[in-house]
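Report on the structure
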Amino acid sequence: LRLAHDFDVCPAMLTKREVKQLFSAVCRFRGSMQGVDYEDLLRVLGLMAVTALSKPSFQHLYPTNQSKVTVLLEMWGLADPIKLQVVRQHATRRAGGSPGR
């Protein structure tokens, strides 16, 4: 959920409830509610993109799952090293630490 907030996916594109439902669905799929591994994280991210961009207001702009995931990586910034650094700095500040390099 923090990831969705950090990258402005929630609440702009998905509700908190939708993000939790996607996470739960992936956990149920793998048979454990004890967090996710890397592969599961990729599934959650893909589902976030497909779910958000399949809504009526975006459906015609991004007709394929590939185009939806591309938006997640490029437009939402999940593949952007600069955005990742900004998110890390905000997380460090939230935790009360000093922002590293």
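In this report, the structure presented in the accompanying data block is examined.

Calculation rules
- Residues numbered from 1 in each chain as written.
- Predicted model: local features only at pLDDT ≥ 70, side-chain atom pairs only at ≥ 80, totals over all residues.
- Heavy atoms only, no water.
- Helix = DSSP H or I, 4+ residues; strand = E, 2+ residues; numbered from the N terminus.
- Buried < 20%, exposed > 50% of the residue type's maximum accessible area, 1.4 Å probe, protein only.
- Contact = heavy atoms within 4.5 Å.
- Areas by Shrake-Rupley, 256 points an atom, 1.4 Å probe, with all protein chains shown as cover.
- Lys, Arg positive; Asp, Glu negative; His and termini not counted.
- Charge placed at Lys NZ, Arg CZ, Asp CG, Glu CD.
- Expected span 1.5 Å × (residues − 1).
- Polar contact = N/O pair within 3.5 Å; in protein donor to acceptor, adjacent residues only side chain to side chain.
- Axes fitted to C-alpha atoms, helices over the stretch in contact; angles between N-to-C directions.
- Parallel < 35°, antiparallel > 145°, perpendicular 65-115°, else oblique.
- Nonpolar A, V, L, I, M, F, W, Y, C, P; charged D, E, K, R; others polar.

When its secondary structure is counted, the protein shows six helices and zero strands. Of the regular secondary structure in the protein, the N- to C-terminal order runs α-α-α-α-α-α. Expressed along its principal axes, the backbone C-alpha trace of the protein runs to roughly 45 × 35 × 20 Å. Looking at the protein as a whole, 27% of its 101 residues qualify as buried. Of the contacts formed within the protein by residues at least 6 apart in sequence, a portion of 41% connects residues at least 24 apart. Split by element, the accessible area of the protein, about 6,700 Å² in all, is 57% carbon and sulfur. One finds the centroid of the 14 positive side-chain charges in the protein at a distance of 7 Å from the centroid of its 8 negative side-chain charges.

Take unusual backbone geometry next. In this model, Cys10 is joined to Pro11 through a cis peptide bond whose omega is 10°. With respect to the helices and strands, Pro11 occurs in the loop between helix H1 (2-6) and helix H2 (16-30). Phi at Asp8 takes a positive value of approximately 60°, unusual for a residue other than glycine. Positionally, Asp8 belongs in the loop between H1 and H2. The class for Asp8 is partly exposed, based on a relative accessible area of 48%.

Spanning 16 residues, helix H3 (residues 38-53) covers 23 Å between terminal C-alpha atoms, matching the ideal 22 Å at 1.5 Å per step. Of the residues making up H3, those classed as buried are Asp40, Val44, Leu45, Met48, Ala49, Ala52 and Leu53. Structurally, the start of H3 carries an N-cap: the backbone nitrogen of Glu39 is 3.3 Å from a side-chain oxygen of Asp37.

This paragraph deals with the packing of H3 against helix H5 (residues 65-75). Relative orientation and spacing of two packed helices are given, respectively, by the angle between their axes and the distance between those axes. Viewed as axis vectors pointing N to C, H3 and H5 meet at an angle of 110°, and their least axial separation amounts to 8 Å. In terms of their interaxial angle, H3 and H5 are classed as roughly perpendicular. Mapping the contact onto sequence places Leu45, Gly46, Ala49, Val50 and Leu53 in H3 and Asn65, Lys68, Val69, Val71 and Leu72 in H5. Tallied by class, the residues present in the contact of H3 with H5 amount to seven nonpolar, two polar and one charged.

Between its first and last C-alpha, H2 extends 22 Å over 15 residues, near the 21 Å set by a 1.5 Å rise per residue. Looking at H2, one finds that the buried residues are Glu18, Val19, Leu22, Val26 and Cys27. On its buried face, H2 sits against H1 and H3.

By themselves these figures say nothing about function.
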